[in-house]
Amino acid sequence: MSERYLAVVDLGAESGRVHLARYNGQRLTLEEVHRFANGPVALQHHLYWNVLALWQEIINGLRKAHRLAGNRLESIGVDTWGVDYALLDERGLLLGLPVHYRDRRTEGLIEEVCARLPREEIYAQTGIQFMPINTLYQLLAQQREQPRLLESAARLLLMPDLFHSWLCGERVCEYTNATTTQCWSVPGGTWAEELLRRLGLPTHLLPPVVAPGTPLGKLQGEPGDELGRDILVIAPATHDTGSAVAGIPMPAIPDDRAYISSGTWSLVGLELAQPQIAQGSASNFTNEGGVFGTVRFLRNVMGLWLLQECRRSWQADGQTFTYEQLIALAEKAPAWSTLFDPDHPSLLPPGDMPERIREQLSAHNQAVPAAEDVPALVRAILDSLVLRYRQVLEQAATITGKTLRTIHVVGGGAQNRWLNQALADATGLAVIAGPVEATAQGNALLQLVGLGELRSLEEVRALAVRSTVTQTFLPDPEQRSAWEEAYARFNALFPLVSPLH
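All figures in this text were calculated on a predicted structure; none of them were measured in a lab.

Draft legend 1. Summary view of the overall build of the protein chain. When its secondary structure is counted, the protein chain shows 19 helices and 21 strands. Whereas a compact globule of 501 residues would reach a radius of gyration of roughly 23 Å, the protein chain reaches 22 Å, a difference of no more than 12%. For the C-alpha atoms alone, the extent of the protein chain along its principal axes is close to 60 × 55 × 50 Å. Taking all 501 residues of the protein chain together, the buried fraction comes to 61%.

So, in structure tokens, the structure goes:
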């Protein structure tokens, strides 16, 4: 067969990328053609996404991909982070800038909501980890600050859906991202409208929901005028983790494998055939929708955001480090000497991360590195993340009754050899790292579903296996006892329980 060319738009919290995907009938290859920075814009005590700048960068990347494809681009798909949304009027025009999930407007709202409705009832409906970033609490915060805006809006679209609507005109929401909102009913398979009404939220603005791999329509408007109106817009798994899990080179719904999608956030969990509602509540796990009816049973861990924000703080103080330099410094620092809870709520917003971590260490009577001791602080971050990963994996295995033997690490964290080896040593499990661009790969795979090339999860995963180069890390027996001792200390200090229990 002749090669097929697809454009993959993958927006992360720190950067955006446009890839040209090529499929020759046997293998899928990705070429990054455009990369650009992304991040919040502070204005009037709020944090916003600069969606117009993102849109311009998307168009710039699509131009490059189309040119490299010899003007034979067949389809485009967009994935982004979850939970954030835009409001549109009846003509599809934007009503204000989308607010960033790290904005402080949702602080305290989980407790307020759970005082009005039983926590167990909310979880039974939505199956989603209670986090202040969830769309549910963002909507309540917006209703409090701008009560008329929600009522006047004609449509709510999550971030990838907004860009799809600008590309082809369709104002729908893709399923995997809808399930991240805590506004979706897992047992009902639709929006949790009764729950939203009981909380006083309008439901008229909720969009129709489509499955990942759904063709949405042909390119329209200015993009269509420039690139051609025969290019098909296809909804991949628009939640970046949904695409990342789809792109993992593993069997469909494996019994003995876990995954960590490692980037700004670390999503640690299992691929299941059915949600775990009754068992997942006490441990605050999330049951997000996956491709082909699967469930992403996982917990959100703060992830490399801790390191990213420390790096920004140090850079503001005149100390510039690459991530590779920070890892090298941490390797030389004493191991497990100081630990903290990487998911503490105080670490969620932007700001002086080194100082907030030192405050957490002090609050738990841990050794507090000096402000200038960068190696010790980075080591504390990495050690604490690895130990939290183990906690989550063990809890997931206990809830589901699975015996884990392998962890797949995908995303940017797959490049971190030290972290991968530490994870193997701490858990006693094999770690398979790669692909780094699992999200882009999963996005492209679901576009191939929309184009009719792939028809099942088994076919998707078989192509992922053929298209991926991985690296395996095995546990070092000489390191196991030291990690066991550190894990026992971490478990005693920071047990994995729901923040509301």
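Additional details are given in the paragraphs that follow.
Draft legend 2. View of the sheet that holds strand β17 (residues 286-289). A sheet is described by the order of its strands in space; here seven strands give the open sequence β17-β18-β16-β15-β19-β20-β21, paired in mixed fashion. At either margin of the open sheet sits one strand with a lone partner, and together these are β17 and β21 (471-473). Going across the sheet, the axis of each strand differs from the next one's by a mean of 30 degrees, ignoring polarity.

Draft legend 3. Just the nonpolar core, in detail. Within the largest apolar cluster, 146 residues are counted, with the highest numbers of intra-cluster contacts made by L62, I76, F163, L306 and I357. Here this core gets 15 residues from one element, more than from any other, and that element is helix α15 (residues 374-400). Contact partners of I357, with chain neighbours within four places excluded, come to C310, F340, L347, L377 and I381. Core analysis: the next-biggest nonpolar cluster, separate from the first, contains 22 residues, L28, L232, I234 and A444 among them.

Draft legend 4. Spatial organisation of the pattern of salt bridges. In the structure shown here, the tally under the stated rule is 28 salt bridges. When the shortest N-O distance is used, the salt bridge between R63 and E226 registers 2.3 Å. Taken together, the positions of R63 in helix α1 (residues 51-68) and E226 in helix α9 (residues 221-227) put the pair 163 residues apart, joining distant regions of the chain. By relative accessible area, which is 29% here, R63 ends up partly exposed. Among the salt bridges present, the one from R390 reaches E394, with a minimum N-O distance of 2.8 Å.

Draft legend 5. Local environment of the side chain of N300. Mapped onto the elements, N300 comes out in strand β18 (residues 295-301). Residues in contact with N300, not counting those within four places in the same chain, are Q129, M131, W265, S266, L267, E288 and D343.

Draft legend 6. Quick look at the environment of P202. Take P202: it is sitting in the loop between α8 (193-198) and β12 (209-210). Separated by 51 residues in the primary sequence, P202 and E151 have C-alpha atoms spaced 6.6 Å apart. Leave out the neighbours within four places in its chain, and P202 touches Q143, L150 and E151.

Draft legend 7. Spatial organisation of the packing of helix α16 (residues 417-427) against helix α19 (residues 477-493). Here α16 crosses α19 at 75 degrees, and the two axes come no closer than 7 Å. By the angle class used here, α16 and α19 are roughly perpendicular. Taken together, the residues of α19 that come into contact with α16 (itself represented by A422, D425, A426 and T427) are Q479, R480, W483 and E484. Grouping the constituent residues of the contact of α16 with α19 by class yields three nonpolar, two polar and three charged.

Draft legend 8. Highlighting the pairing of strand β3 (residues 28-37). Sheet analysis places strand β2 (residues 15-23) next to β3, joined by nine bridges and oriented antiparallel. By the bridge assignment for β3, G16 is matched with F36. In sequence, β2 turns back onto β3 through a hairpin of four residues, with G25 there showing a positive phi of about 95 degrees.

Draft legend 9. Spatial organisation of the sheet that holds strand β6 (residues 73-79). Taking strand neighbours across the sheet as the criterion, the six strands line up as β3-β2-β1-β6-β14-β13 in an open arrangement whose pairing is mixed. Two strands in the sheet have a free side with no partner beyond their single neighbour: β3 and β13 (214-218). This sheet shows a mean twist of 25 degrees between the axes of neighbouring strands, independent of strand direction. The sheet strands contacting helix α6 (residues 159-168) are β1 (4-11), β6, β13 and β14 (232-235), and the helix crosses β6 at an angle near 150 degrees. In this fold helix α17 (residues 438-450) packs onto β1, β2, β3, β6, β13 and β14, with an angle of close to 135 degrees to the strand it touches most, β1.

Definitions and cut-offs
- Residues numbered from 1 in each chain as written.
- Predicted model: local features only at pLDDT ≥ 70, side-chain atom pairs only at ≥ 80, totals over all residues.
- Heavy atoms only, no water.
- Helix = DSSP H or I, 4+ residues; strand = E, 2+ residues; numbered from the N terminus.
- Rg over C-alpha atoms; globule rule 2.2 N^0.38 Å.
- Buried < 20%, exposed > 50% of the residue type's maximum accessible area, 1.4 Å probe, protein only.
- Pairing = 2+ DSSP bridges.
- Axes fitted to C-alpha atoms, helices over the stretch in contact; angles between N-to-C directions.
- Core = buried A, V, L, I, M, F, W, Y, C linked by side-chain atoms within 4.5 Å.
- Contact = heavy atoms within 4.5 Å.
- Salt bridge = Lys/Arg side-chain N within 4 Å of Asp/Glu carboxyl O.
- Parallel < 35°, antiparallel > 145°, perpendicular 65-115°, else oblique.
- Nonpolar A, V, L, I, M, F, W, Y, C, P; charged D, E, K, R; others polar.

What is shown is where atoms sit, not what they do.
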